[in-house]
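Residues per chain are reported as follows:
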Amino acid sequence: MKTVVMTGGTAGFGAVAAKRIFDTPDTRLILGARDHKNSLIETLPLDLSRLSNVRSFVQSLTKKLDGAKIDSLIMNAGAQFGNTRHRTGDGFESTFAINHLAHYLMLRMLTPSLAKNATIVITTSDVHDPTVVPFGPKELNPEALAHPKDKGKGFMPGIKAYASSKLSNLLTARAFGASPDAQTNGMRVIAYNPGLTSGTALFRAWPWWAKLMMGVASKLRSVNTVEQAGYAIADLGLGTIVPPSGRLYASLVKGKLTWPDTSELAQSDTAMRGLWVESAQMVGLPEEA
Ligand SMILES: NC(=O)c1ccc[n+]([C@@H]2O[C@H](COP(=O)([O-])OP(=O)(O)OC[C@H]3O[C@@H](n4cnc5c(N)ncnc54)[C@H](OP(=O)(O)O)[C@@H]3O)[C@@H](O)[C@H]2O)c1
C-alpha cells in the first residue's frame, strides 16, 4: 500500500489529480483541506493561512499514519489575491504565507515521516520566470515578501507577490532536493508547472479587466485543461512519470510534460539558501533538522 498526502486536492486540477490517485489500486490518499466537500477521500483539516493549523495538521496526520511512512507528498494548494493587502493571522502577507511558508513548514515537519525513496511534488509556475512573463521576479527578498512595505494597492503588486511565491516554491524544491535527507534517502523532488490552466478558481480575486486580458491571452497562448494538468501531477506523484536524470522542473506545455531550465534566479544557490534560512526563522525552526 502506497501512502500519498496532498494539499490542494479539493478544487481545480488538484481535484482531478486527487480522484486519479484515489482510484489507483493499493494507494491510500490523505488530503489536507479547508473543507471535506463530502468527498469519500480521507481528509484532515488544514488551513494554510495559519501556521498553527499546519502544525496541528501534521500532528493529526502523524497520528493517523500510526508509523506508516509517506511515499508521496504533493503540495499543490495555492492562492492569488488581487493585491498585497491581505495578512494571515500570523501577520504575513497572505500569498507568500499560504503558497510558500505554510508548505515550507509542512515539508520540514513531515521530513521524518517521508519514506525512503519518497517523491515530493511542489506546484510552482512558469510565472516565476521573467523571460516568460514581464512581471516575473528578478530578485528575491523574503522579508519584503513576508511584510511588504508598499500600501498593497493595485493589481500589479498582487500578481508580482504571486510570481515570487511560485519562485519560492521552486527554490524550496531545489533546496530540499539538495538536502542530506533527500540525497541519502534517494528521494525524488519535482517542481511542477501546470502552465496556464483554464477552468480553475485561481483567478477569482482578479479585477474584471485582468480576467478579460487573461481571456485574450489564453486565446494567444496555449492553455492546458484541468484534466491534462491534473493527470500530469498525479502521474508525477505516483511515480508513473519519472524525471530525466538531473531534472527537477516539470513544465506542462500543450498537455505534454517538458523538462526545461528554470529562470536564472531560480538557479541561484544564494537565493535558494537565503530563502531556506529566512523561512526557517519565520516559522520558528532551526535552519537544519
Ligand atoms: N491555473 C493555472 O493556470 C495555474 C498555473 C500555474 C500554477 N498554478 C498553481 O496550481 C495550483 C492549483 O491551482 P488551481 O489553478 O487548481 O487553483 P484552484 O482551483 O483555486 O485550487 C486551489 C487549491 O488550493 C487550495 N487552497 C487555497 N488556499 C488554501 C488554504 N488557505 N488552505 C488550504 N488549502 C487552500 C484550494 O482549496 P479550497 O477548495 O478550499 O479553495 C484548492 O484545493 C496552485 O498552487 C497554483 O498556484 C495554477
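The coordinates are above.
Residues numbered from 1 in each chain as written. Predicted model: local features only at pLDDT ≥ 70, side-chain atom pairs only at ≥ 80, totals over all residues. Heavy atoms only, no water.

**Student:** Quick rundown of the layout of surface pockets? Include the residues and the values.
**Tutor:** As a volume, the second largest pocket reaches approximately 440 Å³. Lining the second largest pocket are 19 residues, and of these E139, L145, K160, A161 and S164 lie nearest its centre. Put simply, the parts of the chain that give the lining of the second largest pocket at least two residues each are α4 (142-146) and α5 (155-178). Top contributing element to the lining of the second largest pocket by residue count: α5, with four residues. Residue composition of the lining of the second largest pocket, grouped by class: nine nonpolar, four polar and six charged. (1 Å grid on protein atoms, 1.4 Å probe; cavity = no way out; pocket = protein on both sides within 12 Å on 5 of 7 lines; lining within 4 Å. Points joined across faces, edges and corners; volume = space filled by probe spheres on them. Helix = DSSP H or I, 4+ residues; strand = E, 2+ residues; numbered from the N terminus. Nonpolar A, V, L, I, M, F, W, Y, C, P; charged D, E, K, R; others polar.)

**Student:** Explain the pairing of strand β4 (residues 70-75) to me, and be specific about the residues and the numbers.
**Tutor:** Of all the six residues making up β4, five are buried; the element is thus mostly covered by neighbouring parts of the structure. Of the pairings in the sheet, the one linking strand β1 (residues 2-7) to β4 comprises four bridges and is parallel in character. Bridge pairing links T7 to M75 in β4. One ladder, built from five bridges, connects β4 with strand β5 (residues 114-123); its direction is parallel. The partner of M75 across the bridge, within β5, is I122. (Buried < 20%, exposed > 50% of the residue type's maximum accessible area, 1.4 Å probe, protein only. Pairing = 2+ DSSP bridges.)

**Student:** Account for the site of the ligand, with residues named and values stated.
**Tutor:** Inspection of the region around the ligand gives 30 residues, with T10, K37, Y162, T197 and T200 positioned closest. A distance of 3.4 Å separates an oxygen atom of the ligand from a polar backbone atom of A77. In this structure, an oxygen atom belonging to the ligand sits 2.7 Å away from a side-chain N or O atom of T200. Burial of the ligand by the surrounding chains reaches 96%, relative to a free accessible area of 900 Å². Each residue belonging to the shell around the ligand can be placed in one class, and the counts come to 12 nonpolar, 13 polar and five charged. (Near = heavy atom within 4 Å. Polar contact = N/O pair within 3.5 Å; in protein donor to acceptor, adjacent residues only side chain to side chain. Areas by Shrake-Rupley, 256 points an atom, 1.4 Å probe, with all protein chains shown as cover.)

**Student:** Provide a residue-level description of the side chain of T3, including the pertinent values.
**Tutor:** Among the structural elements, T3 can be located in strand β1. The class for T3 is buried, based on a relative accessible area of 5%.

**Student:** Can you explain empty space enclosed by the protein? Please cite residues and give values.
**Tutor:** The tally for this structure, following the rule as stated, stands at one cavity of 30 Å³ or more. Taken as a whole, the largest cavity encloses approximately 30 Å³ of empty space. Looking at the largest cavity, the residues that line it are M75, H100, H103, Y104, L107, I122, N169 and T172. Mapped by element, the contributors of at least two residues to the lining of the largest cavity are α3 (94-110) and α5. When residues in the lining of the largest cavity are grouped by element, the largest group, four residues, is from α3. Along the lines of polarity and charge, the residues of the lining of the largest cavity split into four nonpolar, four polar and no charged.

**Student:** Explain the sheet that holds strand β7 (residues 249-253) residue by residue, including any values.
**Tutor:** One open sheet accounts for eight strands, arranged β3-β2-β1-β4-β5-β6-β7-β8; its pairing is mixed. The sheet terminates laterally at β3 (42-45) and β8 (256-258), the two strands that pair on one side only. Geometrically, the sheet is characterised by an average inter-axis angle of 20° between neighbouring strands, direction not taken into account. (Axes fitted to C-alpha atoms, helices over the stretch in contact; angles between N-to-C directions.)

**Student:** Please provide a residue-by-residue account of a nonpolar patch on the surface, values included.
**Tutor:** Where nonpolar side chains cluster on the molecular surface, the patch consists of W208, W209, L212 and M213 and spans about 530 Å² of accessible area. Checked against the element boundaries, W208 lands in helix α7 (residues 208-220). (Patch = residues over 30% accessible without salt bridge, like charges linked within 9 Å, V, L, I, M, F, W, Y side chains within 5 Å. Salt bridge = Lys/Arg side-chain N within 4 Å of Asp/Glu carboxyl O.)

**Student:** Break down the environment of I98 for me, citing the residues and quoting the values.
**Tutor:** Tracing the chain through its elements places I98 in helix α3. With 41 residues separating them along the chain, I98 and E139 place their C-alpha atoms 20 Å apart. Setting aside chain neighbours within four positions, we find I98 in contact with L48, S49, A79, F81 and H103. (Contact = heavy atoms within 4.5 Å.)

**Student:** Describe the side chain of T27, with residues and values.
**Tutor:** Mapping T27 onto the fold places it in strand β2 (residues 27-33). Apart from the residues lying within four places of it in its own chain, the contact partners of T27 are M1, K2, V4, I21 and L238.

**Student:** Please set out the packing of aromatic side chains residue by residue, giving values where relevant.
**Tutor:** In total, this model carries five aromatic pairs according to the counting rule given. Ring centres 6.2 Å apart and planes at 80° place the aromatic pair F13 and Y192 in the edge-to-face group. With F13 in helix α1 (residues 12-22) and Y192 in strand β6 (residues 188-193), this pair connects stretches of sequence that are 179 residues apart. Like Y192, F13 is buried. Look at Y104 and W276: their rings are 4.9 Å apart centre to centre, the planes differ by 80°, and that puts the pair in the edge-to-face class. Of this pair, Y104 sits in helix α3 while W276 sits in helix α9 (residues 269-283), and the two are 172 residues apart along the sequence. (Phe/Tyr/Trp six-rings, centres within 6.5 Å; stacked < 30°, edge-to-face > 60°.)

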